[in-house]
Structures are given as structure tokens and as C-alpha cells.
Amino acid sequence: MNTYTSERVRNIVLLGHAGSGKTTLAETMLFESGTISRRGNVAAGSTVSDYHPIEKEKQKSVYSSLMTLDWRGHKINLIDTPGTLDFSGESFGSLKVSDTSIFVLDAERGVEVGTEMFWKQAANYKSIPIFVINKVDHPKADFNRTLEMAKERFGREVVAIQYPYEQGEGFHAIIDILKMTMYEFPEEGGKPDKLPIPESHRDRAQLLHNELIEIIAENDETLMDVYFEKGTLDEEELIDGLRSCMLNRQIFPVFCLSAERNMGSGRLMGFIDSVAPAPTEVTGPELAHGGEYKSDKDGKAGIFIFKTYSEDHVGDLMYFRVYNGSVKSGMDLVNSSNGNSSRLSSLFVSQGSKRDEVSVLNTGDIGAVVKLKDAGFGDTLHEKGFEFQLKSIEYPAPTVRMAVKSLKTGDEDKIGMALNQLHREAPSLFVEHSQELRQMIIGGQGEEHLASIKHSLSHRFKLSVEFVEPRIPYRETITKPVKSNYKHKKQSGGAGQYGEVHMLVEPWYEDMPPPPDIQVRDVQTFDLPWGGKFVFQNCIVGGVIDNRFMPAIIKGVMEKLETGPLSGCRARDIRVSVYDGSMHSVDSNEAAFKTAGLMAFKKAFLDASPQLLEPVYNVEVLVPSEFMGDVMGDLSTRRGQIQGMDSEGSLQTIKARVPLSEMNRYYTQLKSMTQGRATYHMEFAEYAPVPRDVQDRVMRETMELEEV
Ligand SMILES: Nc1nc2c(ncn2[C@@H]2O[C@H](COP(=O)(O)OP(=O)(O)O)[C@@H](O)[C@H]2O)c(=O)[nH]1
Ligand SMILES: [Mg+2]
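The rules behind the values
Residues numbered from 1 in each chain as written. Chains lettered and ligands numbered in written order. Predicted model: local features only at pLDDT ≥ 70, side-chain atom pairs only at ≥ 80, totals over all residues. Heavy atoms only, no water. Donors = N, O, S within 2.8 Å, 3.2 Å for Na, K, Ca; no water. Helix = DSSP H or I, 4+ residues; strand = E, 2+ residues; numbered from the N terminus. Buried < 20%, exposed > 50% of the residue type's maximum accessible area, 1.4 Å probe, protein only. Salt bridge = Lys/Arg side-chain N within 4 Å of Asp/Glu carboxyl O. Axes fitted to C-alpha atoms, helices over the stretch in contact; angles between N-to-C directions. Parallel < 35°, antiparallel > 145°, perpendicular 65-115°, else oblique. Contact = heavy atoms within 4.5 Å. Nonpolar A, V, L, I, M, F, W, Y, C, P; charged D, E, K, R; others polar. 1 Å grid on protein atoms, 1.4 Å probe; cavity = no way out; pocket = protein on both sides within 12 Å on 5 of 7 lines; lining within 4 Å. Points joined across faces, edges and corners; volume = space filled by probe spheres on them. Domains from an automatic or database assignment. Lys, Arg positive; Asp, Glu negative; His and termini not counted. Polar contact = N/O pair within 3.5 Å; in protein donor to acceptor, adjacent residues only side chain to side chain. Phe/Tyr/Trp six-rings, centres within 6.5 Å; stacked < 30°, edge-to-face > 60°. Lys NZ or Arg CZ within 6 Å of the ring centre and 35° of its normal.

**Student:** What should I look at first to understand the coordination of the magnesium ion (ligand 2) in this one?
**Tutor:** Each pair of donors in an ideal four-coordinate tetrahedral metal site encloses 109.5 degrees, whereas pairs in an ideal six-coordinate octahedral site enclose 90 or 180 degrees. Coordination of the magnesium ion (ligand 2) by the protein is provided by T23 (OG1) and S61 (OG), with metal-donor distances spanning 2.0 Å. Of this pair, T23 sits in helix 1 (residues 22–32) while S61 sits in the loop between helix 2 (53–58) and strand 2 (65–71), placing them 38 residues apart in sequence. We classify T23 as buried; its relative accessible area is 7%. By relative accessible area, which is 7% here, S61 ends up buried.

**Student:** Before we go on, may I ask you to explain the pattern of salt bridges in this structure?
**Tutor:** Opposite charge on two side chains allows them to pair when their charged atoms are near. Scanning all chains against the criterion turns up 36 salt bridges. One salt bridge in this structure joins R243 and E281, with 2.7 Å as the shortest N-O distance. You can see R243 sitting in helix 8 (residues 235–247) and its partner E281 sitting in the loop between helix 9 (265–274) and strand 12 (302–311), a full 38 residues away along the chain. The class of R243 is buried, set by a relative accessible area of 18%. Looking at E281, the relative accessible area reads 32%, which means it is partly exposed.

**Student:** Where do I start with the packing of helix 6 (residues 199–218) against helix 7 (residues 221–230) in this structure?
**Tutor:** Helices that pack against each other are described as a pair by the angle of their axes relative to one another and the distance between those axes. Running from N to C, helix 6 and helix 7 point in directions that differ by 135 degrees, and their axes come no closer than 7 Å. Between helix 6 and helix 7, the interaxial angle falls into the category oblique. Contacts between helix 6 and helix 7 pair I213, E214, I216, A217 and E218 from the former with L223, M224 and Y227 from the latter. Grouping the constituent residues of the contact of helix 6 with helix 7 by class yields six nonpolar, no polar and two charged.

**Student:** I would appreciate a short explanation of empty space enclosed by the protein in the present structure.
**Tutor:** One water molecule sets the probe size; rolling that probe over the atoms shows where empty space is left. Per the counting criterion, the structure on display carries two cavities of 30 Å³ or more. A volume near 190 Å³ is recorded for the largest cavity. What lines the largest cavity is a set of 17 residues, and nearest its centre among them are Y63, E90, A426, H449 and I453. Among the secondary structure elements, those contributing two or more residues to the lining of the largest cavity are helix 3 (88–97), strand 12, helix 10 (412–425) and helix 11 (447–459). Of the residues forming the lining of the largest cavity, the biggest block, four residues, is contributed by helix 11. Shared between two domains, the lining of the largest cavity takes at least three residues from each, and those domains are domain 1 (6–198 + 250–274) and domain 3 (400–468).

**Student:** Honestly, the side chain of D50 in this entry has me stumped. Any pointers?
**Tutor:** Tracing the backbone shows D50 in the loop between helix 1 and helix 2. There is no salt bridge for the buried D50, and the closest opposite charge comes from K22, which lies 9.2 Å off by N-O distance. Polar side-chain contacts of D50 include one of 2.7 Å to the side chain of S61. Setting aside residues up to four positions removed in sequence, D50 forms contacts with T23, V42, G45, E55, K56, K60, S61 and D80.

**Student:** Just to check I follow, could you spell out the packing of aromatic side chains for this structure?
**Tutor:** The final tally for this structure, using the stated rule, is 23 aromatic pairs. Considering the side-chain rings of F386 and F388, the 5.3 Å spacing of their centres and the 40 degrees angle between planes classify their relative orientation as tilted. When the centroid spacing of 5.8 Å and the interplanar angle of 80 degrees are considered together, the rings of Y617 and F684 count as edge-to-face. On the criterion of sequence distance, the pair formed by Y617 in strand 33 (residues 611–624) and F684 in strand 36 (residues 679–689) is long-range, its members being 67 residues apart. One aromatic cluster in this structure is built from F103, W119, F131, F154 and F252. Its end group placed over the ring of Y163, R204 keeps NZ or CZ at 3.8 Å from the ring centre. Residue placement shows R249 over the ring face of W119; its charged tip is 5.6 Å from the ring centre.

Written out as C-alpha cells, the structure is:
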């Protein structure tokens, strides 16, 4: 492949709900540009983009993949992404390095929730959006309805540049209101004939054309003057105006297409070349420590790694974008996150699984490299003597958590290592070895995401595992104040043990007053690592217990807080006031007071009407209105409390509070209730008392906790 200057590079990411036709569109673009000589298809697993074994098996995209094509002297780096929310982690890195996002909408289904989520992220990265309404050949295609939905969801900036001459099965021509031309396609698709707009469509096309001119002129003062003078804008002025409107996010142009029939992709690529921004024209990425990075294409080399994947017989493959200067094979680069230097051996551009070696990549271009030591996902690398670090990629919080159980004893460490590697490749996978739950926990963007992790563990790493529901991190607390005392006395041969502690144990709350009948001398407040507080008050008068024994008493109480007296779960929000006790001049020591503290605390706790608390989450569901009733009904069977509803066009947001223990398999349930058309996220809200029957059950279960 040739070398391209920055001005001739276009970085495009394909985004949108699963099944809208992104992979098919990528294949069609590769074919139209002559990059491939035959079009593969998703069902046969023969596309360039869906080349991983799991993608062929599932007949859909799981990973993002980079393809490169030349369209009339411009190099288009095209990144196809999996539209399923489960694999959204893959899409976020691709979005970060692309200047333009093509949102592919399905003309039959309109705007779907998958699009919604990527839309927000694209705005965060200041990516320039283009909409493509695909599948206009579908018998139930409705271009206008889809366009209206897009306007409703994404704003009046959504403006059609094209519309179908006839939609549905008879689709064969597109009216272009920028060029004021009709493109008519041969039966097999491909290169269209350019024809005048037929009489029957002339008025509508002219009306839309004038509207487009007005929007462009409205947003550009110089063009406004020209428009006033001439009453119209010529094609060049229109294109210039459109381009500046797109850069300022004032216009989101809409194209129409049938990827499957190969009708319309050539015009889209032409538009990308002539109107979509070059890497040198867009807002720079955010720096790790804030502020915008401004690229210098003539400066020293600097790159950012946005995707890593370990491939058989190849090793770690890292995909990067050049953000400064030009990178050449053989160059040494310093990793800004650890200061280590690595050599870029060979550089590649990729066509899905195929790679072509190149010697230079300029600012803005995207490529891949193998065997890069000491570098990984999200790292910035630069030439010596020139330092910068870009902000890494942020992922949404995991929506599904599972505990990983090894099916073969002794494999636990290997599983941990494999999971860590998978996390390094794609940090949207969250991995935690929970001491508290005594489980290895993984979190991801959906059950399919976790299923793909299981697939990797078994196929790539040859490890058999089972995923089980994680235990719930319950907490314990008390509901009334209780006094107790404990005397620890042991006489065995030589030195004995002696310590006596009297304490008042109370439920703690913010700004609570001191106890009424006890004089407080010293207060220590501990923020517990598992949430909540422990307040310790030394109220000893007359030196009946030495100050030097207080830390031991605290230690004893702390130990019992960590494995709560009621069920072994962690305890929180407790105040302990030690107000009396006794010592022995010879036998008193720290160990004795630790035991006395622990035992007195345990006794008081169990008498103080202990209460189990459960984590409660704020759950927000975005759902098409027709499924509202089902979703609300399901939430209430999960002990959910509906907090509110918001309607945004044809989609509704439901807000509810639901105990974590009731959210098992919610993702799957929601998906099946709504045909995969709803999405949700949840965030920890608070710990709340569990109902009595649940408390009894949990106590039985936690007592029988087996090690995993
Ligand atoms: N009728 C019709 N079907 C299409 C079109 N584009 C894609 N499809 C079909 O839609 C399904 C999903 O396509 P795919 O490219 O995998 O979508 P992705 O999930 O967005 O990558 C496949 O069965 C395609 O054959 C189109 O323009 N028209
Ligand atoms: Mg796909």
C-alpha cells in the first residue's frame, strides 16, 4: 500500500445497533473500491471484517476490525464495530481514534437503543457524525419514519442529503439533494448512472435542496452574504459550507443505501473523501492531565494504542493511531506510562485478518505493529525528547457480573492469569479477586460479552470454567444501643492473661450526640474499607484500663466487624464506647484486651437487634414504549421500587431502585422481554435493611458458605 499524507487520510468508524448492516456495508465498500474482488457475507462467515472464529460461529461481529481502502486517492481507514451492547467495549477504542462516525440505521427498525449509547460516547469524543439509513430495499423499509426518529432523538441538525426514489423491494435509485442528481443502479448494484431528477420528484428535491442551503447559510456568515446576493449557492460553496457545519456539529448529514444490494456506497465514499474531515482538521484528543492535544505532523513521532489482540502464531498485535509526526519501522519509541523504550519492528496496515507491511505512517493514519515490548492498551508512545500522554479510553461500568469457578482443581492461578491477559487486551472486562466473597469476579457489558470470555478461556487458554452468580456483599448492623462486658481471665502455669472491658455499643449515624450518661475522653473515627463507619470512644476514667491497651481493644472489635457476629458478613455503622473495666498488674497484656474487646462487642452486637443490610442499586432502563408494561411488571417482581419515568420520543426511561440480589440474569430477561431492544445501567445507591424472611435465608446460606 502507498504512503498517504495526513490530508488524504480519513478515519471512519461504523457504529449502530447490531444487525443494522455495518459489516455488510464495510464489505461492500471494500468491494466497490476494488480492495477485494468478491463480496463475502455475514451468514457464510466470509466477510473481511468478521474473521475471528467466534464471529464466524455466531454470524456477527464480536471484535472491532480495521480495514483500509483507497477511494480515488484518499485512504479510508474503516473500523467495523460489534453493535451488540455486550461488546461495546470494543467500539469505544475505535471511536476514540476515528474522526468521523458513521451511524448505520436500519430503515425497517428505525433508531434503536444500541445507536443511542454510541451517540453519547461519540459526542464525548467530538467525533463528527454521518447517518446512513440502510436496508432501504427491505420490504418494510420506511426511510421517512427512520429520518424523523433520528431527528427526534439526535436533533434538528439531522438533515437528509439523499432519499430513495422508491423504497422496498423496488429500490433501485437514490435522489441526491446536494448534487441534485438521481443515481440509478444496475440490477447487481455497483456504479450508478447519473440522471436528471425525474419530473415527479423535482419539486420535493428542490424544496429539500433549498432547505439545505438555508441551514448552511444560517451557520456561516460569509455564505449567508453570498446567498443573499445570488439567491443560491453553487456546489463548491455548498460543500465548503457543509463541511464547516459538520465540523461544528451543526449538520448531521443523512445518506440512504442498501449495503446488501451494493447501492449507494460509492457516493458515501466520495462524500467521505470530499467532505468528511482529515485528521488535521478536527479537535485534538484529550491529554491525560487535561487540555487538548494539538498534533504537529512535521514533529517527532507519537502514537496511541487503541486495541490489542493476541493472535495465534503472531503474538500481541497492537493497533495504533499516529498523533504526531511520522512513524517508521525500526524506530524506538518511549512509553509515556512507564518510561520504557520499545522498537517498532514492522508496521502493518490491515484488512481484517490480512496484513500488508508498510514502512511509514503519517500523522492521523492508523496501523498495527507486533512484538512491541512493554506497551499495551491505552498507552501513548513517543520519540525520545518529546513527551506527551493522551487520556486512555474509559469504559461504561459493567452491567453483568459473574463468579468464575474452575472445573479443574489447581487451575485457579492459570485462570487468574488468563483473565488478566484478556483484561489487558480489552479493559471493558473487569476482573477482581474478591477476598470478601471468596470468589473470582468478572464483570462485562452483557452476558454475551462474558460468554465470549468463556469461549476464549476454553479455546485459547484451554481452561474449563463455570460461571456462577456472585455472592451478595451483605452487611450487618444493629438497631438499638446495648451495654455489655467481658472479663478475659486465664491462669495457666506462669504468666496469665487478664483483661476486662465494659462497653456501650450503638448504631452510628451522622452527627449523633455523645451518650447521655458517659463522659467521652477521646474519639476515633474509622472509614471502613467496605463502606460505612466505625467510631471508637475512650471513656475510661481513673485509669482503670491503661491507654496503651486501647489499640488492642479496637483491634478486637475490628476483627469482629470484618466477619460480622450475625452471619459472617462485614458489619458497619457502629459506635463503641469503652467506659469501664479492670487490669491486673502482671497478667494484663494486649492479647488479653483484644479478646475481651472482641467478646464484649460480639455479645452486645447479638443483643442489639442485629439487622442484615443489602446493596440496593439505582437501575435505569431505556426501552421502546411498547415494552414499558412488561419491564415495569418485571421490576416489581424483583422488589424494585419505581422512582420515575421519562419519555424521550418513542423511547422511555424507567428509573427504579432494586436490591442487587434480585438483579440476577436481568440482562438476559430484559433482552428476551424486549427482543434485544432495551438497554439499562445500574449504579450502587445504598445499603438497606433486608426483609426478615430474606434475612433468615441469607443467614442460613452464609453460614454454609463453601470455599470456591
Ligand atoms: N435487506 C437488506 N439486508 C441487509 C442489508 N445490509 C445488511 N443486511 C442483512 O442484515 C443482517 C445483519 O447485517 P450485518 O452486516 O451483520 O449487520 P451488523 O451487525 O451491523 O454488522 C445480515 O443478515 C445482512 O445480510 C441491506 O442493505 N438490505
Ligand atoms: Mg457486524
